[in-house]
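Residue-level listing of the chains:
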Amino acid sequence: MSRRALVAMPIVLATIAVAGYLTVSSGPSGTRTVNLPPTFMGLNTSPHNDASLLQSISESLGGAPTALTSYGAPGTTMLNVVATRTDMTGKVDLHLLGDSGRSIGGTRCTRNVVLRGADEDVDTPGTPLSGKVLCWRTSEQLSISAFVLTRPPAEEDVAAAVDALWLTLD
């Protein structure tokens, strides 16, 4: 087997594994449910998932089918993943963007994350949040964000995981 094939194999296997855990109901893309896998980037679902936060996020997105899952455990990388069947540009985690990020594959990532009030415009400077990584991918029919809260891995690794998830949800 070639070196290139050996390098690509884990990515292919991860994509297949994620696809096997996702359940997407039939129907038009804007109405299909979104269920996130029990693992993301090798991290298990955190016991700290918040149903009321998911409801609030879904309402802020006009009731679009939305999933929110926290991954990781204290002392490890911890991140939140949001996936929704609408464009969340400027909303939810993407309201925290301090810049337009850099393109990595089909995903964008930044370490310039800022805290803003819900009523503040995305052009408001906000308060910098150091040590965070935010990667995202959006379209009119699907958006995914991965907000790394602690021990951020390389942006390229987060972007690859978002791209793999995108392929299974699209």
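Computed from a prediction, not measured in an experiment: that's the story for all the values here. (Residues numbered from 1 in each chain as written. Predicted model: local features only at pLDDT ≥ 70, side-chain atom pairs only at ≥ 80, totals over all residues. Heavy atoms only, no water.)

Novice: So what's going on with the overall build of the protein chain? Which residues, and what values?
Specialist: On a plain count of helices and strands, the protein chain comes out with three helices and 10 strands. Secondary structure elements in the protein chain, listed N-terminal to C-terminal, are α-β-β-α-β-β-β-β-β-β-β-β-α. Accessible surface, the protein chain as shown: approximately 8900 Å² in total, 56% of it carbon and sulfur. (Helix = DSSP H or I, 4+ residues; strand = E, 2+ residues; numbered from the N terminus. Areas by Shrake-Rupley, 256 points an atom, 1.4 Å probe, with all protein chains shown as cover.)

Novice: So what about the pattern of salt bridges? Which residues, and what values?
Specialist: Pairing is possible between side chains of opposite charge, provided their charged atoms come close. Across all of its chains, the model carries four salt bridges by this definition. Glu156 is the partner of Arg102 in a salt bridge, and the nearest nitrogen-oxygen pair spans 2.6 Å. Taken as a pair, Arg102 in strand β5 (residues 102-104) and Glu156 in helix α3 (residues 155-169) lie far apart in primary sequence, 54 residues in all. Ionic pairing is found between Asp163 and Arg137, a salt bridge with its closest N-O pair at 3.0 Å. (Salt bridge = Lys/Arg side-chain N within 4 Å of Asp/Glu carboxyl O.)

Novice: Would you mind going over unusual backbone geometry in detail, with residue names and values included?
Specialist: For Met41, which is not glycine, the phi torsion reads 55° and is therefore positive. Residue position: Met41 is located in the loop between β1 (39-40) and β2 (43-44). A relative accessible area of 31% places Met41 in the partly exposed class. (Buried < 20%, exposed > 50% of the residue type's maximum accessible area, 1.4 Å probe, protein only.)

Novice: Any details on the packing of aromatic side chains? Residues and values, ideally.
Specialist: Applying the stated criterion across every chain yields a total of one aromatic pair. Look at Phe40 and Tyr71: their rings are 5.6 Å apart centre to centre, the planes differ by 35°, and that puts the pair in the tilted class. With Phe40 in strand β1 and Tyr71 in strand β3 (residues 66-71), this pair connects stretches of sequence that are 31 residues apart. According to the relative accessible area criterion, Phe40 is buried, its value standing at 4%. With relative accessibility at 0%, the residue Tyr71 sits in the buried group. (Phe/Tyr/Trp six-rings, centres within 6.5 Å; stacked < 30°, edge-to-face > 60°.)

Novice: Outline the sheet that holds strand β9 (residues 133-138), supporting the account with residue identities and numerical values.
Specialist: The six strands are arranged β3-β4-β10-β9-β6-β5 in an open sheet whose pairing can be described as antiparallel. With one partner strand each, in any of the chains shown, β3 and β5 form the two edges of the open sheet. Mean inter-strand twist for the sheet, computed between neighbouring axes without regard to direction, equals 20°. Where strand β6 (residues 107-110) lies against β9, three bridges are found, and the strand directions are antiparallel. Along β9, the bridge assignment pairs Cys109 with Cys135. Strand contacts of helix α2 (residues 51-60): β3 and β4 (78-84), with the helix running at about 140° to β3, the strand carrying the most contacts. The strands touched by α3 are β4, β5, β6, β9 and β10 (143-150); relative to β9, the strand with the most contacts, the crossing angle is about 30°. (Pairing = 2+ DSSP bridges. Axes fitted to C-alpha atoms, helices over the stretch in contact; angles between N-to-C directions. Contact = heavy atoms within 4.5 Å.)

Novice: Break down the nonpolar core for me, with residues and values.
Specialist: The biggest cluster of nonpolar side chains holds 24 residues, and the ones touching the most others in it are Phe40, Val81 and Ile144. Those elements giving two or more residues to this core turn out to be β3, β4, β9, β10 and α3. Counting residues per element, this core draws most heavily on α3, at seven residues. Every residue in contact with Phe40, bar those within four places of it in the chain, is listed here: Tyr71, Leu79, Val81, Ala146, Ala161, Val162 and Leu165. Formed by 13 residues, the second largest nonpolar core is a distinct cluster that contains Leu68, Leu94, Leu97 and Leu134. (Core = buried A, V, L, I, M, F, W, Y, C linked by side-chain atoms within 4.5 Å.)

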